[in-house]
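Chain by chain, the residues run as shown.
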Amino acid sequence: MEALALNEDSGLMAAIRYFSDPMVCLEAVSKAKWPKGPECPRCGCKRLSFLRTRRTWTCLECRKQFSVKVGTIFEDSPIGLDKWLTAMWMLANCKNGISSYGVGRALEITQKSAWFLLHRIRYAQRHGTINKMTGIVEADESFIGGKARNMHADRRAEKIHSRGPEGKAIVAAVLERGGRVHARVVGTRRKKDLQALVRENVEVGSEPHTDALKSYDGLQEYTHKVVDHAVEYVNGNVHPNRLENFWSLLKRALKGTYVSVEPFHLFRYLDEEVFRYNERRHGCHAVSEGAEFLAGKRLTWDNLTCQEVG
Ligand SMILES: [Zn+2]
């Protein structure tokens, strides 16, 4: 395996060959996910047996079976780790930047799949981790921009009910209590859109908190908790308060700048605000902790791009 290891001079073909070995991919992701060695995602136990033929672990304590993808951004993707890691390598090594078309051609996947991969990888890069959010995670959505107040009231009510009022964009977000936020522009407030955001970003078994919107019904693999605004605003520690704070920061930032209602433009502002919010949070921490975070970020990323694996 050592002869194959990648270095600064390696080209794309070398990277593709390198990541074609499933054990290389498994080791790279495993190191990034569990720097202190693999552990059971259910009980945290480290007494595991590894089944080489299936590349899965079984927990000797609770019998849970899991793969290296569990709880990571790779989890729900049908695309193999060989392609994910090659895309990561391309992103880290192609100095002139890469497009989803270029990645699609190199990995023999559709441009659409490549776009999704790059989007997820940039997200992981920005957050400094390939792991999904855990613990208590607030999920909520908000209408942004538009001219709803000029509309006739009946029409407005009707529009607000289903797809969002004309001219308004819908933004959905998830926020890890004591952690990061992630937000994106969604087409509707339907189950498909809102639950996808939760599933892509939140580890199974965590505790999403939402309001009573029906679209959040059916998150069975989670400990879903609901606060009904019609009845109470805060139900113990079940509340979307931190996201409310994020929405007001976002709306304040958009005021004045946000004239167009095209979601195409909105997502840039949104990404920027998410970045600012997450940075601000780190800024509040002690300096040493912030430095550690950055070191961890680099380390994780290097492991993933396999500079040190081999
Ligand atoms: Zn276990």
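Computed from a predicted structure; not experimentally measured.

What about unusual backbone geometry?
Okay, step 1: In this model, Arg 63 sits at a positive phi of 70 degrees, which is unusual for a non-glycine residue.
Okay, step 2: For Arg 63, the location among the structural elements is in the loop between β2 (56-59) and β3 (65-66).
Okay, step 3: If you check the backbone angles, Glu 108 has positive phi at about 55 degrees while not being a glycine.
Okay, step 4: Locating Glu 108 in the fold gives a position in the loop between α4 (100-107) and α5 (111-127).

A few points about the coordination of the zinc ion
Okay, step 1: Protein-derived ligands of the zinc ion are Cys 40 (SG), Cys 43 (SG), Cys 59 (SG) and Cys 62 (SG), with the metal-ligand distances lying across 2.3 to 2.4 Å.
Okay, step 2: Seen from the zinc ion, its four donor atoms lie at angles of 102 to 120 degrees, and the figure they make is tetrahedral.
Okay, step 3: Counting along the primary sequence, the residues that act as donors to the zinc ion give the motif C-x2-C-x15-C-x2-C.
Okay, step 4: Assessed through its relative accessible area of 23%, Cys 62 is described here as partly exposed.

A word on the packing of aromatic side chains
Okay, step 1: What the rule picks out here adds up to nine aromatic pairs.
Okay, step 2: Ring plane angle 80 degrees and centroid distance 5.4 Å describe the contact between Trp 34 and Trp 57, whose orientation is recorded as edge-to-face. On the criterion of sequence distance, the pair formed by Trp 34 in the loop between α2 (22-33) and β1 (48-51) and Trp 57 in strand β2 is long-range, its members being 23 residues apart. As far as the burial class goes, Trp 34 and Trp 57 line up, both buried.

Here's the deal with the sheet that holds β2
Where strands meet in a sheet, backbone hydrogen bonds hold them as pairs that are either parallel or antiparallel.
Okay, step 1: If you walk across this open sheet you meet the three strands as β1-β2-β3, and the pairing is antiparallel. Of all strands in the sheet, those with a lone pairing partner are β1 and β3, marking the two edges.
Okay, step 2: In terms of strand pairing, β1 meets β2 through four bridges, oriented antiparallel. Counterpart to Ser 49 in the pairing with β2 is Thr 58.

Digging into the sheet that holds strand β4 (residues 136-144)
Okay, step 1: Taken in spatial order, the five strands line up as β6-β5-β4-β7-β8 in an open sheet, and their pairing is mixed. Strands at the two margins of the open sheet, each flanked by one partner only, are β6 (181-186) and β8 (225-227). Across the sheet, the axes of successive neighbouring strands diverge by a mean angle of 25 degrees, strand direction being ignored.
Okay, step 2: As paired strands, β4 and strand β7 (residues 207-211) are joined by three bridges and run parallel to one another. Residue pairing across strands places Ile 136 opposite Glu 207, the latter belonging to β7.
Okay, step 3: Strands in contact with helix α7 (residues 191-201) are β4, β5 (169-176), β6 and β7; relative to β6, the strand with the most contacts, it is inclined by about 150 degrees.
Okay, step 4: Strands in contact with helix α8 (residues 241-254) are β4, β5 and β6; relative to β4, the strand with the most contacts, it is inclined by about 35 degrees.

About the cut-offs
Residues numbered from 1 in each chain as written. Predicted model: local features only at pLDDT ≥ 70, side-chain atom pairs only at ≥ 80, totals over all residues. Heavy atoms only, no water. Helix = DSSP H or I, 4+ residues; strand = E, 2+ residues; numbered from the N terminus. Donors = N, O, S within 2.8 Å, 3.2 Å for Na, K, Ca; no water. Tetrahedral: all angles 85-135°; square planar, octahedral: opposite > 155°, others 65-115°. Buried < 20%, exposed > 50% of the residue type's maximum accessible area, 1.4 Å probe, protein only. Phe/Tyr/Trp six-rings, centres within 6.5 Å; stacked < 30°, edge-to-face > 60°. Pairing = 2+ DSSP bridges. Axes fitted to C-alpha atoms, helices over the stretch in contact; angles between N-to-C directions. Contact = heavy atoms within 4.5 Å.

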